[in-house]
Amino acid sequence: MIALTLIIAALGVGVAMWIASPLAKGAASPMHRLVAFGVMAGLAVGALGIYLAGGQPGLEGRPYADTEARLAAIPPDELTGEEQEERLRAIVRREPGNPEALAMLGRFLAFDGRHLEAIAMLERSVRVREDARVLSDLGQALVNLNEGTVTPEAERAFAASMELDGTLPEPAFFLGAAAYDAGDREAALDYWAGIVGRLPSDDPFRQAIAVRAADLLSRPAGGPQMMDAGAMDPDESPDAMVARMVAGLEAGLEADPDDLTRWMVLARVRAVLDDREGARAAITEARARAGGDAGIGAILNALERAGGLEPEAEGETE
């Protein structure tokens, strides 16, 4: 208490000297200088007196107490975005090792587009306690930070999440996307079919992933440009080029008939050529080779719907 009072007094004297020094420098006589220094002393004593009268040096600091109390009393759905953030930050200040609070703040920041801050909070949360959902959120924040690219860091987060809980849809989806981007369609199918098969039939993620997987896995891997450039005829018509692609797909399937993604590509290309029966036959063959796998079946169903290839009702004609 005494030490703090002396410090305040010293600061008051310093401020007073700074304020009154122009008077002393500009004084024309010793008497004027004496008056100037008297002003300094008066300011210092006045500052100290005001502090001693109204200051409470022994009071515990409460910089955010009133704000915290006010925000805590308001229902969360009535808070503004800034107030929600401040409320979460207040909890983190009080409980820096609270993994739930860190994760909630990280999710809020990610939703607000502040991905670097979100990543820092989510990483702090999983360092305290590993959680599948938080690891998945961390992976998604890393993907968003890198404009949709599943980086190695994001892959590690998703893999750790999937190891803890294989029922979460996001880790399997993004790991499948990473495999697809790397050119490994078989691994992508394994990830996507696996999670589609594990999700309940009424889960919206199940249908969304099946549709996305059907679209990506049925795309020709590079299209006609993947053919041998030396064998391409610049005068060849687009239809002839596509027909040659179909022949290449069929030849590949003769060599490896269990390549399900190649059957899917063949079905899509045949559908584009309006060979609906051939497209349906390719899907039927893929379904038979899937061995009753529910996830692959759902993806093939999505491919059928996308191409308008669903089995026709009895008595219906084309």
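Basis of the calculations
Residues numbered from 1 in each chain as written. Predicted model: local features only at pLDDT ≥ 70, side-chain atom pairs only at ≥ 80, totals over all residues. Heavy atoms only, no water. Axes fitted to C-alpha atoms, helices over the stretch in contact; angles between N-to-C directions. Helix = DSSP H or I, 4+ residues; strand = E, 2+ residues; numbered from the N terminus. Parallel < 35°, antiparallel > 145°, perpendicular 65-115°, else oblique. Contact = heavy atoms within 4.5 Å. Nonpolar A, V, L, I, M, F, W, Y, C, P; charged D, E, K, R; others polar. Core = buried A, V, L, I, M, F, W, Y, C linked by side-chain atoms within 4.5 Å. Buried < 20%, exposed > 50% of the residue type's maximum accessible area, 1.4 Å probe, protein only. Patch = residues over 30% accessible without salt bridge, like charges linked within 9 Å, V, L, I, M, F, W, Y side chains within 5 Å. Areas by Shrake-Rupley, 256 points an atom, 1.4 Å probe, with all protein chains shown as cover. Salt bridge = Lys/Arg side-chain N within 4 Å of Asp/Glu carboxyl O. Lys, Arg positive; Asp, Glu negative; His and termini not counted. Charge placed at Lys NZ, Arg CZ, Asp CG, Glu CD. Phe/Tyr/Trp six-rings, centres within 6.5 Å; stacked < 30°, edge-to-face > 60°.

Per an unreviewed UniProt entry, the protein goes by Cytochrome c-type biogenesis protein CycH and derives from Glycocaulis alkaliphilus.

Colleague: Help me out: how do you make sense of the packing of helix α14 (residues 276-289) against helix α15 (residues 294-306) in this one?
Modeller: To describe two helices that pack against each other, one gives the angle between their axes and the distance between the axes. Close contact between α14 and α15 brings their axes to 10 Å; oriented N to C, the two are set at 175 degrees. If you check the angle between α14 and α15, you find them roughly antiparallel. When α14 is examined against α15, the residues I283, A286 and R287 are found in contact with a partner set consisting of G297, L300, N301, L303 and E304. Of the residues assigned to the contact of α14 with α15, the class counts are four nonpolar, two polar and two charged.

Colleague: Help me understand the nonpolar core, please; the structure alone is not making it clear to me.
Modeller: Nonpolar side chains in soluble globular proteins tend to be buried together. Core analysis: the largest hydrophobic core is formed by 41 residues, its most contacted members being L189, W192, L217, L266, I296 and I299. Broken down by secondary-structure element, the contributors of at least two residues to this core are α9 (169-181), α10 (185-198), α11 (204-217), α12 (238-255), α13 (260-272), α14 and α15. Apart from residues lying up to four places away in sequence, I296 is in contact with L189, A193, L260 and A290.

Colleague: In this structure, what is going on with a negative patch on the surface? I would like to understand it.
Modeller: The grouping of D184, E186, D190, D256 and D293 at the surface amounts to a negative patch. Positionally, D190 belongs in helix α10. A residue is classified by how much of its surface remains accessible, and D190, at 53% relative accessible area, is exposed.

Colleague: What is the right way to read the packing of aromatic side chains from this model?
Modeller: Given two aromatic rings, their pairing is described by the distance between the two centres and the angle made by the two planes. Summed over the entire model, instances satisfying the criterion amount to four aromatic pairs. Ring geometry for F158 against F174: centres 5.0 Å apart, planes inclined by 5 degrees, an arrangement best described as stacked. Taken together, the residues span a long stretch of sequence, with F158 in helix α8 (residues 152-164) and F174 in helix α9 at a distance of 16 residues. Taking the relative accessible area as the measure of exposure, F174 reaches 18% and is therefore buried.

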